[in-house]
Structures are given as structure tokens and as C-alpha cells.
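Here are the chains, one letter per residue:
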Amino acid sequence: MAQVADVEVTALDPEQKSFWGDTTTVGLVSAVIMAVLMVASLQIAERVDTMLTGGVFIPFGIMIEKIFDILAVVTYGFVAGLIVANLNPIISVATASGPMAPLWFFTNTGTVLAARVVHFYIVKKDIRDQSYLDTFWICLGGMIVDATIMFPVQLLYFKMPLTTIAWMKVAELATGTIIPAFIINRAGKALKRMQTRGG
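Engineer: What is the right way to read the packing of helix α4 (residues 78-94) against helix α5 (residues 103-123) from this model?
Structural biologist: In helix packing, the relevant descriptors are the interaxial angle and the interaxial distance, both defined with respect to the helix axes. As a packed pair, α4 and α5 sit with axes 9 Å apart at the nearest point and diverge in direction by 170°. When the axes of α4 and α5 are compared, the pair comes out roughly antiparallel. The residues of α5 that touch α4, namely those facing Phe78, Gly81, Leu82, Ala85, Asn86, Pro89, Ile90 and Val93, are Trp104, Phe105, Asn108, Thr109, Val112, Leu113 and Arg116. Grouping the constituent residues of the contact of α4 with α5 by class yields ten nonpolar, four polar and one charged.

What follows is the structure in C-alpha cells.
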């Protein structure tokens, strides 16, 4: 009986077989749908962030981006994460939404790469088997790379004092890990339940 369950999970979870993840039609279409949902959600989040902080600190944008990027990573793998992570930067660059738009390719891709490394090589669990703490470590891995990429931009481009950057890094790490990990853990499990029922 346990072997049958293992075979079913393997058949349902191609993202567990390789670092690249689920490159089937289901995985790729799911990634595109998640990417479109993220772009729509970011339209609202970016406006709220601009209204609250003038765009200097983007807590809602960070949360939305991490939720969708890392949800794609833990449910469909690295390729899906790349699709989700890079649709918004493509649109941002194409529409010249801001001077930092090209930077989002690097921050988002770095987030997805680091999250997938932590997920695939360290946590090594399907989203259904992950605790909140497992998902938190995956988010933290992605957020550390994101914050590291942003550091020289904040220091050299925005010319922020180091103390301001340090406080912003703490706030970025918190907004990119604590709430997103909870939502990703719950949403990922729900997606897998729907996938199981549909399959």
C-alpha cells in the first residue's frame, strides 16, 4: 500500500524529480497563470507601497512577489519559478515603469534560484510534507539573495546611509519571509490537493 502511495506522489510531483522541476504542460501553464496573477496583484501592491512610502520601501510588493515566486518554486520547481519571477520585469521594462525595472530580473531570478536550492537540496520535502518552518527557510534563502542584490543599489544609487539600509534589510527580510511562508505553506498544500483531485 505504501508503494502505491509513493508511486502516485511521484507521478503527481515531477518537481521532485529534478532541480528544473515540472516542465510538463501542466507545470508550465500553471506557472503562466501564476505569473499573470502576480502581475495583477503587483499593480495594486505597488500603488499601495507608493502611497505609503513613496516607493522607497515596498513591503506589499515584496510580499506579493515572494508569495508567487516561491509558491511556484515549491509547487512546480525552478522553471516555473523563473516564469513567474520574470513576467513582471518583462512588462515593467517594456512599459518603462521605472528606472529600476531591469534590476527586478536579477532580484527575482536570484530569489527563485536560492529558494529552489534550499527547497531541493536542503529541505527536500514536497509542499504537502513541509512544516511552516521548512517553508520559512525556503523563503529566507530567497530573501537573503534578494536583499544582497539590492544592497549595492541602495548604497550607491540611492546613497542611503548604512544604518538606514540595515533597518531596511531587517524589514525586507521580515516582510519577505514571515507572512509569505505562512501563505505559501497553506496555498501550496491547497494547490496539491486540487491537483490530486483533478488528476
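Engineer: It is not clear to me how the nonpolar core should be interpreted in this structure. Could you clarify?
Structural biologist: It is characteristic of soluble globular proteins that their nonpolar side chains tend to be buried jointly. Of all hydrophobic cores here, the largest spans 31 residues; its most connected members are Met34, Ile70, Val74, Val84, Ile138 and Ile184. Of all the secondary structure elements, the ones that give two or more residues to this core are α2 (25-53), α3 (59-76), α4, α5, α6 (132-157) and α7 (162-198). For this core, the leading source of residues is α3, giving eight residues. With residues near it in sequence (within four places) discarded, valine 84 still touches Ala31, Met34, Ala35, Met38, Phe68, Asp69 and Ala72.

Engineer: What exactly am I supposed to notice about the side chain of lysine 169 here?
Structural biologist: Counting through the fold element by element, lysine 169 comes out in helix α7. Take lysine 169: its relative accessible area is 12%, and that puts it in the buried class. Look past the residues within four positions of lysine 169 in its chain and what remains in contact with it is Ala147, Met150, Phe151 and Gln154.

Engineer: Where do I start with the layout of surface pockets in this structure?
Structural biologist: If a probe as big as a water molecule is rolled over the atoms, it shows which places are left empty. What the largest pocket holds in volume is close to 770 Å³. Those elements that place two or more of their residues in the lining of the largest pocket are α2, α3, α4, α5, α6 and α7. Broken down by element, the lining of the largest pocket gets its largest block of residues, six residues, from α2.

Engineer: Hey, could you run me through the packing of aromatic side chains in this one?
Structural biologist: Each aromatic ring pair is described using two quantities: the centre-to-centre distance and the angle formed by the ring planes. For the structure shown, the criterion picks out nine aromatic pairs. Ring geometry for phenylalanine 19 against phenylalanine 120: centres 6.0 Å apart, planes inclined by 90°, an arrangement best described as edge-to-face. On the criterion of sequence distance, the pair formed by phenylalanine 19 in the loop between α1 (2-12) and α2 and phenylalanine 120 in helix α5 is long-range, its members being 101 residues apart. On the basis of an interplanar angle of 90° and a centroid distance of 5.1 Å, the ring pair of phenylalanine 120 and tyrosine 121 is categorised as edge-to-face. Here a set of aromatic residues connected by ring pairs shows up, and it is made of Phe19, Trp20, Phe78, Phe120 and Tyr121. Sitting over the face of the ring of phenylalanine 19, arginine 116 holds its NZ or CZ atom 5.9 Å from the ring centroid.

Engineer: I tried to follow unusual backbone geometry on my own but got confused; where do I start?
Structural biologist: Most of the time, phi is negative for any residue but glycine, and the peptide bond is trans. For lysine 124, which is not glycine, the phi torsion reads 55° and is therefore positive. Along the polypeptide, lysine 124 turns up in the loop between α5 and α6. Non-glycine residue lysine 159 carries a positive phi angle of around 55°. Here lysine 159 lies in the loop between α6 and α7. Accessibility expressed as a relative area gives 64% for lysine 159, which makes it exposed.

Engineer: Even after reading the chapter, I still don't get the packing of α3 against α4, so can you show me in this structure?
Structural biologist: Packing of α3 against α4 brings their axes to within 7 Å, and their N-to-C directions diverge by 160°. The angle between α3 and α4 places the two elements in the roughly antiparallel class. At the point where α3 passes α4, the crossing takes the right-handed sense. On the side of α3, the interface is formed by Phe68, Asp69, Ala72, Val73 and Tyr76, while α4 contributes Phe78, Ala80, Gly81, Val84 and Ala85. Residue classes in the contact of α3 with α4 are distributed as eight nonpolar, one polar and one charged.

Cut-off values and rules
- Residues numbered from 1 in each chain as written.
- Predicted model: local features only at pLDDT ≥ 70, side-chain atom pairs only at ≥ 80, totals over all residues.
- Heavy atoms only, no water.
- Axes fitted to C-alpha atoms, helices over the stretch in contact; angles between N-to-C directions.
- Helix = DSSP H or I, 4+ residues; strand = E, 2+ residues; numbered from the N terminus.
- Parallel < 35°, antiparallel > 145°, perpendicular 65-115°, else oblique.
- Contact = heavy atoms within 4.5 Å.
- Nonpolar A, V, L, I, M, F, W, Y, C, P; charged D, E, K, R; others polar.
- Core = buried A, V, L, I, M, F, W, Y, C linked by side-chain atoms within 4.5 Å.
- Buried < 20%, exposed > 50% of the residue type's maximum accessible area, 1.4 Å probe, protein only.
- 1 Å grid on protein atoms, 1.4 Å probe; cavity = no way out; pocket = protein on both sides within 12 Å on 5 of 7 lines; lining within 4 Å.
- Points joined across faces, edges and corners; volume = space filled by probe spheres on them.
- Phe/Tyr/Trp six-rings, centres within 6.5 Å; stacked < 30°, edge-to-face > 60°.
- Lys NZ or Arg CZ within 6 Å of the ring centre and 35° of its normal.
- Left-handed = near helix turned anticlockwise from the far one by under 90°.

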